[in-house]
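Overview (structure and organization)
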Amino acid sequence: MNGYMGKILRVNLSERSYNVEPLDLDVAQKFLGSRGLGVKIMMDEVPAKVDPLSEENKLIIATGALTGAPVPTSGRYMVITKSPLTGAIAVANSGGQWGPKFKATGHDLIIFEGKSDKPVYLSIEDDNIEIKDASHLWGKTSSETTETLEKEIEGGKVLCIGPAGEKLSLMASIMNDVDRAAGRGGVGAVMGSKNLKAIVVKGSKKVPLYDEERTKNVSREKVRTLLDDPTAGEGLPTYGSAVLVNIINESGIMPVRNFQESYTEEADRISGETMTEDYLVRKIACFRCPIACGRIVKMPDGTEVGGPEYETIWSFGADCDVYDYDVINECNRICNEYGFDTISAGATIAAAMELYEKGLIKDEEIEADGLSLNWGDEEAVVGWTKKMATREGFGDKLSKGSHRLAEEHGAPEVSMTVKKQELPAYDPRGVQGHGITYAVNNRGGCHIKGYMISPEILGYPEKIDRFSLEGKAAYAKTFHDLAAVIDSIGLCMFSTFGLNLPDYVDMYNAVCGDIYSNDTLLEAGSRVWNLEKLFNLREGIDSSHDKLPKRLLEEPIKNGPSKGYVHHLEELLPEYYEVRGWNEEGIPTIETLEKLGLEEYKKYI
Ligand code: SF4
């Protein structure tokens, strides 16, 4: 069981019971654990077309083989379920300390089934597992819940939902260690629909290692590589992910006012440099991370809170035409406390502002809330964030995301979403490969599961022409497969600033045994990606959903260094399907499924 603890915890919330089942090691290795294994369980156990917020849906919280192992950035866990926001597969990842502490209880993953009739939380102290009453926690924010449970179980680590998850907001996230989020796809609403408030874990077990000495040496070498890298060793530790603000803006791909523009003269007011100089209190790191990109920042009243990531700075900042860290930090604080996806939240406010600008949201709809929808209204951006999280007034409409909002107001094209999920902080018209990632991502609009910004802007693993279409489909496919590997083995995506495929093979094999080569590990990533695709096909989400918003295809960028460009998805998509081994309709062929060992799912193609 090297790398794995060998146990699956299955909790039936309807019956308030649980079972501990053996992990099938062959299956775990084939799908790499975490994201891959979770998607396989969703495919095998959840019937097609279930309502994501019904008790038929399952919620899986999974670690990878390297989660908790003594290798760099091994603090990740994954939430896998059917998304209530998109109807597609949801795979939302988080760092911090919770994942390794859960694995230390001796379990690799938890499958939650059914629905409790009353609020409960799950307590796992090694083999001592209890489903406990959580009525005293219902309505509490993530810091209140964490504080209460850390007192009840001394030394425990807490994962929870906030009020947004309880109220089934389609953007609700799952929080751990107070301000770390498995943010996207409304996974917090699935947890809320099961009346599951929290999971508190306390464990004493170590991840079994195939070769301890080799693991130590490999780890030392990878830490050195990361620390020597200018991004992982300097840019991220010094400025956090906010280091991207000036870089992305200077490339002319920072969306402004709901992607109406792509460059702003104001960017430095919300840059990583400004955050570091004027707001940073200290840096924090996830479990075994030498990069330490986490931030603690100060608020105007002197309190200290978790600092915003680049995407959050953008969504509440440039996307809403706001350039004030006090405002962005407050929105970030609300999202963390209420358990809410910062990307979807800010981007939905931006879409609402454009709908209002166009006269499609009327004053009558929002006057009772006492908040405007004018670009740059700082008080309104904070106010709407809170109202969205609590589903109050017009905030209830916003809490369902910009796709539903824009459709309801007769202008679906105003929603900058793919598969109903809001796009993050990069305008793909100036990064053609990154646009492929947006369009084909199985979980909807997402940057992280194939971060083509790395080669197209930052030069990792090499600098490529961001405007060119040549070779981009194949490049993007490799990135998608590599991201599936990194997620599934339980490491942080920021480790790619320094580490490459052979480094992940080294670490996996040292921990788990000599199982994978470069080719076979990447192929395992492709297996995971294809299985997610099959899940979506089963749900009726076919390749007609591999789209980008019309604006990005038809309206050239208006200003800045990428002025004049549109995205050429139509030219790139056929090539992407081809390199994937899919047919012209974007459906995996039987040969591809056989090659990947997925032939048992051929009925879905
Ligand atoms: S790079 Fe940042 S997000 Fe990733 S593990 Fe390290 S501290 Fe956490």
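Let me sum up the structure you'll find in this document.

Details of the environment of T145
Checked against the element boundaries, T145 lands in helix α4 (residues 142-152). For the pair formed by T145 and L398, sequence separation is 253 residues and the distance between their alpha carbons is 25 Å. Those residues in contact with T145 that lie beyond four places of it in its chain are L137, K140, C160, K197 and A198. Of note is the side chain of T145, whose polar atom sits 2.7 Å from the backbone oxygen of T141.

Some remarks on the pairing of strand β14 (residues 294-298)
Among the 5 residues in β14, 4 count as buried, and that is most of the element. Pairing analysis gives 4 bridges linking strand β13 (residues 280-284) to β14, with the strands arranged antiparallel. Bridge assignment links L280 to a residue of β14, and that residue is V297. As defined by bridge partners, β14 adjoins strand β15 (residues 304-306) across 3 bridges and the pair is classed as antiparallel. Among the inter-strand pairings, K298 is bridged to a residue of β15, identified as E304. The hairpin turn running from β14 into β15, its antiparallel successor, is 5 residues long, and G302 in that turn takes a positive phi close to 90 degrees.

Details of the site of the ligand
The ligand sits among R76, R180, A285, C286, C289, I291, A292, C293, C492 and F494. When atom positions are compared with the pocket grids, the ligand is found to occupy the largest cavity. Of the residues that constitute the shell around the ligand, the class distribution is 8 nonpolar, no polar and 2 charged.

Let's talk about the side chain of D229
Its location among the elements puts D229 in the loop between α7 (212-228) and α8 (231-239). At 13 Å, K222 is the nearest oppositely charged side chain to D229, a buried residue that forms no salt bridge. Reaching out from D229, the side chain makes a polar contact with the backbone nitrogen of T231 at a distance of 2.8 Å. Setting aside anything within four residues of it in sequence, one finds D229 in contact with E234, Y460, F497 and G498.

A word on helix α15 (residues 378-390)
If you check α15, its first and last C-alpha atoms are 19 Å apart, about what 13 residues at 1.5 Å a residue would give, namely 18 Å. For α15, the complete set of buried residues consists of A380, V381, G383, W384, T385, K387, M388, A389 and T390. Of the residues one or two after α15, R391 is the one with positive phi, at around 55 degrees.

Cut-off values and rules
Position labels on residues start from 1 in each chain and follow its written sequence. Only residues with pLDDT of at least 70 get local features here, since the model is predicted, and only at 80 or more are side-chain atom pairs given and counted; chain-wide, interface and lining totals rely on the full set of residues. Side-chain measures here rest on the full set of heavy atoms in the structure, leaving out hydrogens and waters. Working definition: helices are DSSP H or I runs of at least four residues, strands are E runs of at least two. Numbering for both runs from the N terminus. Whether two residues are in contact is decided by their heavy atoms, any of which lying within 4.5 Å being enough. Under the rule applied, a polar contact is a pair of N or O atoms within 3.5 Å (in protein, one hydrogen donor and one hydrogen acceptor; residues adjacent in sequence only if both atoms are side-chain atoms). Whether a residue is buried, partly exposed or exposed follows from its accessible area with a 1.4 Å probe, protein chains only, as a fraction of its type maximum: under 20%, in between, or over 50%, in that order. Strands are treated as partners if at least two bridges between them are detected by DSSP. In these notes, residues near a molecule or strand are those with any non-hydrogen atom within 4 Å of it. In this analysis a 1.4 Å probe is tested at points of a 1 Å grid over the protein atoms alone, and where it fits but cannot get out there is a cavity; an open set with protein on both sides within 12 Å along at least five of seven lines is a pocket; lining residues have an atom within 4 Å of a point. The way we define it, a molecule is inside a pocket or cavity when more than half of its atoms are within 2 Å of that pocket's grid points. Throughout, the ten residues Ala, Val, Leu, Ile, Met, Phe, Trp, Tyr, Cys and Pro are labelled nonpolar, Asp, Glu, Lys and Arg are labelled charged, and all others, Gly among them, are labelled polar. A residue counts as positive if it is Lys or Arg and as negative if it is Asp or Glu; His and the chain ends are not included. Any carboxyl oxygen of Asp or Glu that lies within 4 Å of a side-chain nitrogen of Lys or Arg is treated as forming a salt bridge with it. Take the residue count of a helix, subtract one, and multiply by 1.5 Å to get its expected span.

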